[in-house]
4 protein chains.
Amino acid sequence: MVIGIPEGLEAEVGRGPQAEPSARPGRPRSPEAGSSILAAATALLAEKGLAGMSMEEVAARAGVGKATVYRRWPSRGALALDAFMGEFSSHLASPDTGSLRGDLTAALVSWERAVTMTRAGSMLAGLIAEAQRDPKLAVAWRQQVFEPLRQRHRAIISAAVARGEIGAGVDADAVLDLLFGALYHRLLHGHLPLTDHFAAQVVALVLDGVAPRPAAPAGAEDTAPAGAEDTAPAGAED
Amino acid sequence: MVIGIPEGLEAEVGRGPQAEPSARPGRPRSPEAGSSILAAATALLAEKGLAGMSMEEVAARAGVGKATVYRRWPSRGALALDAFMGEFSSHLASPDTGSLRGDLTAALVSWERAVTMTRAGSMLAGLIAEAQRDPKLAVAWRQQVFEPLRQRHRAIISAAVARGEIGAGVDADAVLDLLFGALYHRLLHGHLPLTDHFAAQVVALVLDGVAPRPAAPAGAEDTAPAGAEDTAPAGAED
Amino acid sequence: MVIGIPEGLEAEVGRGPQAEPSARPGRPRSPEAGSSILAAATALLAEKGLAGMSMEEVAARAGVGKATVYRRWPSRGALALDAFMGEFSSHLASPDTGSLRGDLTAALVSWERAVTMTRAGSMLAGLIAEAQRDPKLAVAWRQQVFEPLRQRHRAIISAAVARGEIGAGVDADAVLDLLFGALYHRLLHGHLPLTDHFAAQVVALVLDGVAPRPAAPAGAEDTAPAGAEDTAPAGAED
Amino acid sequence: MVIGIPEGLEAEVGRGPQAEPSARPGRPRSPEAGSSILAAATALLAEKGLAGMSMEEVAARAGVGKATVYRRWPSRGALALDAFMGEFSSHLASPDTGSLRGDLTAALVSWERAVTMTRAGSMLAGLIAEAQRDPKLAVAWRQQVFEPLRQRHRAIISAAVARGEIGAGVDADAVLDLLFGALYHRLLHGHLPLTDHFAAQVVALVLDGVAPRPAAPAGAEDTAPAGAEDTAPAGAED
DNA sequence: TCGTAACCGAGACGGTACGTCTGGTCTTTTT
DNA sequence: AAAAAGACCAGACGTACCGTCTCGGTTACGA
């Protein structure tokens, strides 16, 4: 079952709120301009990557003055963010399978497919790159893409806690960083392929852990040393 | 116990191998020039980030002609890569604690500390960003930083398998993507802090899993399917 | 009596015709930028000569981006040509003295003075030098400086023919090449000074010839064979 | 009759005198290197003009280190000067025809042919251009090419004075500036062709003058105009 | 027979300037 | 007042040469 995408994710993320919807004096903004800019940006992004998407060429290809672009989006990153959203958001699904494992697998696989099977993947990588050098874009990215998505994923974990599948003490953020961090890792470094199988594998590992603890009668021995190691060995090596 | 850093990590990563150590005709390259360029690059990187490190200013600050910079490093990214290595590699430790948990915790914490407590952190983020737009740099990054490090970390897991701590069927790459993916995730998105505690938490989660599987007496049905799920269900969606 | 300078000589020689005076879309070119560039170029030309007038420094001194310079002038030579015109054209006179000798002397002396007494002299030499290596500049030079000036000088000779001072068969171009060639010769080689006296001497020699042949009733036959040699002996030595 | 070329014109003009012929300690300079440099310079000069003759490429094409070039010639201009001499000097003739008109015509025509029919023409123009920006080259040019040649031409006039063809009061330098100035003028500005005919025309104009000399009340005016016509009708057919 | 001195090819050195490109802003006319 | 257009200032890009300076090696002479 596909749940709708939160509003913030829909479109025009980087744009200013543009205040009142209408009744402003002067010539109204051409809706064509905005969409042709977005189309040009999307096309360029797909063709040459974010680095090749210069505002100059976006404007030229959209048949629009540069000022018109800057009037709507404050920076290249913001424009790219919106172009990305158009490609990305519609491909994300939030099925409710009734189990934590199912929900997580569905979330990760749909993310992974959006990233590998559409133009969104390279846009996403480019955006994260751009956000490293543009703090404003980093904020916009977090507020308008990252957090809304994370909110949805946190809900999956909350539901599992509510169902009693997992303990209430689980740190949802840490779990999500593990799950999605692994996917982003392969996306950004490209050292290994990003597949459905990998997504499922990630879910399995996070839920079950690496050590199956074949039998765990006196399981205390597992956690106690672990807890001790938690802080001590860290200090040892620096 | 701190083990030495693998060779590939040491220095001059972006530079060509320069073949034989000498006996080339012509004036040999000045070692001073090379190191002053690297120093200038490192300083600029720390001051203004990768985007602010222009080749122009690196050359000026190093008291060197631009051609001298380009003779040694083919691109800004390659230079930044070497500058990063100088800062980063010496801060990584590889203690041998005797346990998988201890080894992993030590590895993650030392990485986390190198990244948060030295200039290497922002360099690292900038480099990964740059690698998204410069495929040559991406290759250099993988070959000269990523893979050597991963090799070391894979050895930690192999040792654990050899000791019988974990089963031989564990996919080391997937495990490492989980562990380090989580750290990179926080580094690149900055949504939550990157602490010693988080590093330890990540190790604990990956080793033990989210679900403590409350008891395990009747849990047979829990673990068996879980073990099966490790690989099987993933294949179902692919 | 000083006659105005022909239009082509006035200014902006290297620049495109700039078409209609206005009504073009887009921001019009700043007239200030153009004139400050020209001023900077003129100053640099006078200070360091054409070789020292780098586009880089012209732009910097004019407080203007390099692209703004290149938008107006396609090359260093074209810019120098305009800077030269500004200095040179206002110093040329075209008096009408009523006699060929008087007109030519006035023309040569005013040229000689413009060249020796203002900054125009070294600019002129530099421009001719530059035109040797830049064919486009050579064309611009001929069309926009050389030919307009020569037209005026040809008119002096035509007027003398009309007055019956000299025969109609005189080759005006050859005569002008003699007259001005001599001046340019001293300017470019600097082997002897370029003075008012020399200018007058040149006119006298061209009008009267070297051999006054005081009375030459029988002497004429001496020259006749020489006239036969006019073409023949040349073939002898190559 | 062809007279030998003065020594200064022969070769290696730009080079220092190199003092004693030998007995210097150290390895003697390779004569091959010198000649291959000169050959490479000549070829490049002919191919691309002086502006395209970079020391870098001369050295590379000659299979020689740059320092070897600079050891022999202090500047690009000096090298070009020697390359030019090699092409130019052998083409100049100094026939003794017995008459001023004949000698001058021969001198001018041989100069004109050397300039238009060999590679020397564009080299010459380029050298004069270069000399405008390099004072040392200007001096070398004057001392080693210009003055020796002028000396020879001055001798033609002196001989005519001695023969009584012209008066002793003639300013030989002014006459030569007229004669050769006209040729250089056409060479450097290229506004009209440089032909045998033009050379002869120049001689005629300078010897006879443009004006029929209204004085000469006696019948001399019959022959004098005839002498003048010697050149005037020539002008008609250009 | 050996220094020693000047040469050799090669190529790196610190610089300067090139002409192009992009970023983000500003100024026109047109709608 | 917003549109398209395009000029504005600024400055980095990577390249080409400049003239000088090491290198390791090679001649030739004088001690």
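As shown above, the structure is provided for reference.
No experiment lies behind these values; they were computed from the predicted model shown.

Asker: Would you mind going over the pattern of salt bridges with me for this structure?
Answerer: Side chains that differ in charge, positive against negative, can pair when their charged atoms come close. In this structure the tally under the stated criterion is 57 salt bridges over all chains. In this structure, the salt-bridge partner of E130 of chain A is R133 of chain B, at a minimum N-O distance of 3.2 Å. Of the two residues, E130 of chain A sits in helix 7 (residues 120–133) while R133 of chain B sits in helix 6 (residues 120–133), which places them in two different chains. Each of E147, R150, R154, D173 and D177 of chain A together with R186 of chain B takes part in one network of salt bridges that share partners.

Asker: Mind showing me how you'd approach the packing of aromatic side chains here?
Answerer: When we look at a pair of aromatic rings, we describe it by the centre distance and by the angle of the planes. In total, this model carries 16 aromatic pairs over all chains according to the counting rule given. Centre to centre, the rings of W111 of chain D and F180 of chain D are 6.3 Å apart; their planes meet at 75°, and the pair counts as edge-to-face. Separated by 69 residues along the polypeptide, W111 of chain D in helix 5 (residues 100–117) and F180 of chain D in helix 8 (residues 172–189) bring together distant segments of the chain. Judged by its relative accessible area of 1%, W111 of chain D falls in the buried class. An aromatic cluster is present here, built from F84, F88 and W141 of chain A joined pairwise through their rings. The ring of F198 of chain B carries the charged tip of R186 of chain B above its face, separated from the ring centre by 3.5 Å.

Asker: Help me understand the relation of the copies chain A and chain B, please; the structure alone is not making it clear to me.
Answerer: Both copies of the chain are related by a screw-like operation: a rotation about an axis and a shift along it. Superposition record for chain A on chain B: RMSD 0.2 Å, screw rotation 179°, translation along axis 0.1 Å. With respect to symmetry, the two chain copies, as superposed, fit the operation of a two-fold axis. Both copies present the same face, since 89% of the interface residues in chain A are matched by interface residues at the equivalent positions in chain B.

Asker: How do you make sense of the environment of R72 of chain B when you look at a structure like this?
Answerer: Residue and element names in this part refer to chain B. Examined against the element boundaries, R72 turns out to sit in helix 3 (residues 66–72). Considered as a pair, R72 and R29 are 43 residues apart in the sequence and their alpha carbons are 9.1 Å apart. Here the side chain of R72 touches S30 through a polar contact of 2.6 Å, landing on its backbone oxygen.

Asker: Can you help me understand the protein's contact with DNA strand F in this one?
Answerer: Of all residues adjacent to DNA strand F, which total 43 residues, the nearest are T68 and R71 of chain A, Y70 of chain B, R71 of chain C together with Y70 of chain D. When the atoms of DNA strand F within 4 Å of the protein are sorted by group, sugar and phosphate make up 64%. Take R71 of chain C: an N or O atom from its side chain is 2.4 Å from a phosphate oxygen of DNA strand F. The backbone of M55 of chain D places a nitrogen or oxygen atom 3.0 Å from a phosphate oxygen of DNA strand F. The set of elements that each furnish at least two residues to the surface near DNA strand F consists of helix 4 (66–72) of chain A, helix 2 (55–62) and helix 3 of chain B, helix 4 (66–72) of chain C together with helix 2 (55–62) and helix 3 (66–72) of chain D. It is helix 4 of chain A that provides the largest number of residues to the surface near DNA strand F, a total of five residues. When its residues are assigned to classes, the surface near DNA strand F shows 13 nonpolar, 12 polar and 18 charged.

Asker: I would appreciate a short explanation of the interface of chain A and chain B in the present structure.
Answerer: Note: interface size is frequently given as the accessible area lost on complex formation between the parts. Tallying the contact residues gives 62 residues for chain A and 65 residues for chain B. Of the roughly 5,500 Å² buried where chain A meets chain B, counting both sides, 60% is carbon and sulfur surface. At the boundary of chain A and chain B, one finds four salt bridges. Across the pair D177 of chain B and R186 of chain A runs a salt bridge, and its minimum N-O distance is 2.5 Å. Connecting chain A to chain B are 16 residue pairs in polar contact (both at pLDDT 80 or more). Of all elements in the fold, only helix 6 (100–117), helix 7, helix 8 (135–163), helix 9 (172–189), helix 10 (196–208) and helix 11 (220–237) of chain A reach the threshold of two or more residues within the side of chain A that touches chain B. Class assignment of the residues belonging to the side of chain A that touches chain B gives a composition of 30 nonpolar, 12 polar and 20 charged.

Definitions and cut-offs
Residues numbered from 1 in each chain as written. Chains lettered and ligands numbered in written order. Predicted model: local features only at pLDDT ≥ 70, side-chain atom pairs only at ≥ 80, totals over all residues. Heavy atoms only, no water. Salt bridge = Lys/Arg side-chain N within 4 Å of Asp/Glu carboxyl O. Helix = DSSP H or I, 4+ residues; strand = E, 2+ residues; numbered from the N terminus. Phe/Tyr/Trp six-rings, centres within 6.5 Å; stacked < 30°, edge-to-face > 60°. Buried < 20%, exposed > 50% of the residue type's maximum accessible area, 1.4 Å probe, protein only. Lys NZ or Arg CZ within 6 Å of the ring centre and 35° of its normal. Least-squares fit on C-alpha atoms with pLDDT ≥ 70 in both. Contact = heavy atoms within 4.5 Å. Polar contact = N/O pair within 3.5 Å; in protein donor to acceptor, adjacent residues only side chain to side chain. Near = heavy atom within 4 Å. Nonpolar A, V, L, I, M, F, W, Y, C, P; charged D, E, K, R; others polar. Buried area = accessible area lost by both parts, 1.4 Å probe.

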